[in-house]
Amino acid sequence: MPRILVPTPLRPFTGQQPVVAAEGSTVGALLRALTTTHPDLRPHLFSAEGTLRSFVNVYVNDEDIRHLKREDTPVGPADTVSIVPSVAGGSDTLSNEEVQRYSRHLIIPEVGVEGQRRLKNARVVCIGAGGLGSPASLYLAAAGVGTLGIVDFDVVDFSNLQRQILYSSADVGRRKVEAAAGRLTSLNPEVRVVTHETPLSSANALDILKDYDVVVDGADNFPTRYLVNDACVLLGKPNAYGSIFRFDGQASVFATKGGPCYRCLYPEPPPPGLVPSCAEGGVLGVLPGIIGTIQATEAIKLILGIGNTLAGRLLLLDALSMEFRTMKLRRDPACPVCGDHPTVTALIDYQQFCGIPAATAAAASTPAVPEIAVDALKSAIDRHDRLWILDVREPREFEICRIPGSTLIPLGELPKRIAEIPQGADAPDIVVHCKMGGRSAKAVALLRDRGIANARRSIRNGRSSA
């Protein structure tokens, strides 16, 4: 009986089983048998029309079924089926100090003096200075990459310190680009750090990336992923890609000459909310260290022109079992960006492409939701006001901390548990909260769609808002 490898994001729908057996002579039959046994998995694999979702790739052994017979690809008892879901000029001379600093490089035949000169003259930009950007930028700086760009507009938070090793406790509250530049130049004063404290967008991506040789994509959202990919293809810049979620990691190199791009792997993004972010789902602190270091390794190999990069391959890491697997990737001739007849020849609106309404459009089309500040909520609770506090986080988050008297209904369970929500003219006001605000906003919208008019406030000036 063929075995199916289930990635971490989908394991909640298989009872946390990483490997599931099912019967079927083809991939399609096998997956339908799987979703019959685990029905909650079905919407993550198949559309409402019953077709396999484009943002979920399936491999038989190490071959992508899109290059075989798709769902009609035959499978036998010895085959392994993998589900892979979509989870951003210099000197030619070396100083005496540089010779000392890079001595371990200089004695490697594949690097040597010439290779170290290439690194010194190279320009690499890291999209994001977070979990992936931290180890990648540190190792690129240590390796002697002459110009290192950092694109980020966030500030350092205590929750970053579990994995973002660029920063210390003293950096909390500082701009990330400022703290990162200080750390990288203290590690290697020979490196020129260029900071871009701005959100990467369709308006600025080409201008920012055009001056760099290699792009390291450490983005944490799908719009930026597709933006970076398309910009790299249009500019002809290789993209050292990495992504992480809980215990799973992915790495590849996209947009090389004749090689596949990110859209060849994932033609379309998943619908908003279907794939949780690391802020919602969590990530093992050391995992971005592994994947980010792999990204730095690929960038260095691209600069030096040595070895075999991950172009045309997708590296998968399951840190729980400590297993690495490599899948083959091929350029899709019909890819709208890198295909034979591209239709995307300029950067587009990636928020819209990923199904995320622009802030202005959302504000115009969605009635304003009155909010309640944290201190006001505390006062209301102390006064024993009639409030019903709905926590839409996951049970494990609820166990860590909670608002006394709140009711836990995870966002994914809310549609099935509407009957538990107080309704009617005499119902109390409902205050919805989560961790970052995204889930509470979805919950308020869902409740209002179901006619629950008293769901009209969410926490502000804390971690949640609508």
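Residues numbered from 1 in each chain as written. Predicted model: local features only at pLDDT ≥ 70, side-chain atom pairs only at ≥ 80, totals over all residues. Heavy atoms only, no water.

Asks: What is the right way to read the environment of Asp213 from this model?
Replies: By the element assignment, Asp213 lies in the loop between α8 (205-209) and β9 (214-217). For Asp213 and Ala251, which are 38 residues apart along the polypeptide, the C-alpha to C-alpha distance reads 19 Å. Apart from the residues lying within four places of it in its own chain, the contact partners of Asp213 are Asn121, Ala122, Arg123, Lys237 and Pro238. (Helix = DSSP H or I, 4+ residues; strand = E, 2+ residues; numbered from the N terminus. Contact = heavy atoms within 4.5 Å.)

Asks: Sorry, what's going on with the pairing of strand β11 (residues 248-254) here?
Replies: Residues in a regular strand point their side chains to alternate faces of the sheet. For β11, a buried count of seven out of seven residues is recorded, marking the element as mostly surrounded by other parts of the structure. Residue alternation in β11 divides its side chains into two sets, Asp248, Gln250, Ser252 and Phe254 and Gly249, Ala251 and Val253, and both sets are buried. Across seven bridges, strand β10 (residues 239-245) lies against β11 in antiparallel orientation. Bridging from a neighbouring strand, Gly242 pairs with Ala251 of β11. Direction of pairing for β11 relative to strand β12 (residues 313-318): antiparallel, over a ladder of four bridges. Across the sheet, Ala251 pairs through a bridge with Leu315, a residue of β12. (Buried < 20%, exposed > 50% of the residue type's maximum accessible area, 1.4 Å probe, protein only. Pairing = 2+ DSSP bridges.)

Asks: Before we go on, may I ask you to explain the environment of Asp207 in this structure?
Replies: Take Asp207: it is sitting in helix α8. Taking C-alpha positions, Asp207 is 9.7 Å from Ala231, a pair spaced 24 residues apart along the chain.

Asks: Where do I start with unusual backbone geometry in this structure?
Replies: As a rule of thumb, non-glycine residues mostly have phi less than zero, and peptide bonds are mostly trans rather than cis. Positive phi values are uncommon outside glycine, yet Arg246 reaches one of about 55°. You can see Arg246 is positioned in the loop between β10 and β11. One non-glycine residue, His384, adopts positive backbone phi at about 60°. Take His384: it is sitting in the loop between α15 (374-382) and β15 (387-391). The class for His384 is exposed, based on a relative accessible area of 69%.

Asks: Would you mind going over the sheet that holds β10 with me for this structure?
Replies: Strands belonging to one sheet form pairs held by backbone hydrogen bonds; the direction of such a pair is parallel or antiparallel. If you trace the eight strands from one edge of the open sheet to the other, you get β8-β7-β6-β9-β10-β11-β12-β13, paired in mixed fashion. Edge positions in the sheet fall to β8 (192-196) and β13 (323-328), since each of these pairs with one other strand and no more. Across this sheet, the average inter-strand angle for adjacent strands is 15°, counted without regard to direction. Contacts between helix α7 (residues 176-187) and the sheet are confined to β7 (147-151) and β8, with β8 contributing the most and set at about 175° to the helix. Docked against the sheet, helix α12 (residues 287-304) engages β6 (123-127), β9, β10, β11, β12 and β13, running at close to 170° with respect to β10. (Axes fitted to C-alpha atoms, helices over the stretch in contact; angles between N-to-C directions.)

Asks: Where do I start with helix α1 (residues 27-37) in this structure?
Replies: For α1, the set of buried residues is Val27, Gly28, Leu30, Leu31, Leu34 and Thr35. Taken down its axis, α1 places every buried residue within 165° of arc, on the same side. Opposite the packed face of α1, turned more than 90 degrees from it, sit the exposed residues Thr36 and Thr37. Of the surrounding secondary structure, the elements contacted by the buried residues of α1 are β1 (3-5), β2 (19-21), α2 (42-45), β3 (56-60) and β5 (80-85). (Arc of directions from axis to C-beta.)

Asks: Could you clarify how one ought to interpret the packing of helix α6 (residues 133-143) against α7 in this entry?
Replies: Axes are the key here: two packed helices are described by the angle between their axes and the distance separating the axes. At a closest axis distance of 9 Å, the pairing of α6 and α7 adopts a crossing angle of 30°. Crossing hand, α6 versus α7: right-handed. Along its contact with α6, which presents Ser137, Leu138, Ala141 and Ala142, the element α7 presents Arg183, Leu184 and Leu187. For the contact of α6 with α7, the class distribution of residues is five nonpolar, one polar and one charged. (Left-handed = near helix turned anticlockwise from the far one by under 90°. Nonpolar A, V, L, I, M, F, W, Y, C, P; charged D, E, K, R; others polar.)

Asks: Explanation requested: the side chain of Asp217 in the structure shown.
Replies: Within the secondary structure, Asp217 is located in strand β9. Here the side chain of Asp217 touches Ala219 through a polar contact of 3.0 Å, landing on its backbone nitrogen. (Polar contact = N/O pair within 3.5 Å; in protein donor to acceptor, adjacent residues only side chain to side chain.)

Asks: Help me out: how do you make sense of the environment of Arg402 in this one?
Replies: Mapped onto the secondary structure, Arg402 falls in the loop between α16 (395-400) and β16 (407-408). In sequence terms Arg402 and Ala142 are 260 residues apart; their C-alpha atoms lie 43 Å from each other. Among the polar contacts made by the side chain of Arg402, one reaches the main-chain carbonyl oxygen of Phe398 at a distance of 3.3 Å.

Asks: What is the right way to read the sheet that holds β5 from this model?
Replies: Spatial ordering of the open sheet is given by β2-β1-β5-β3-β4, a layout of five strands whose pairing is mixed. Edge positions in the open sheet fall to β2 and β4 (63-64), since each of these has one partner strand only. Bridging between β3 and β4 involves two bridges; their strand directions are antiparallel. Residue pairing for β4: Tyr59 is matched across the bridge by Asp64.

Asks: Would you explain the pairing of β9 in this entry?
Replies: Where burial is concerned, the two faces of β9 agree: the one with Val214 and Val216 and the one with Val215 and Asp217 are both buried. Summarising the sheet, β6 and β9 pair through four bridges and their orientation is parallel. For Val125, the partnering residue across the bridge sits in β9 and is Val215. With respect to chirality, the unit in which β9 leads through helix α9 (residues 222-235) into the neighbouring parallel β10 is right-handed. (Right-handed = clockwise from strand over helix to strand, strands pointing away.)

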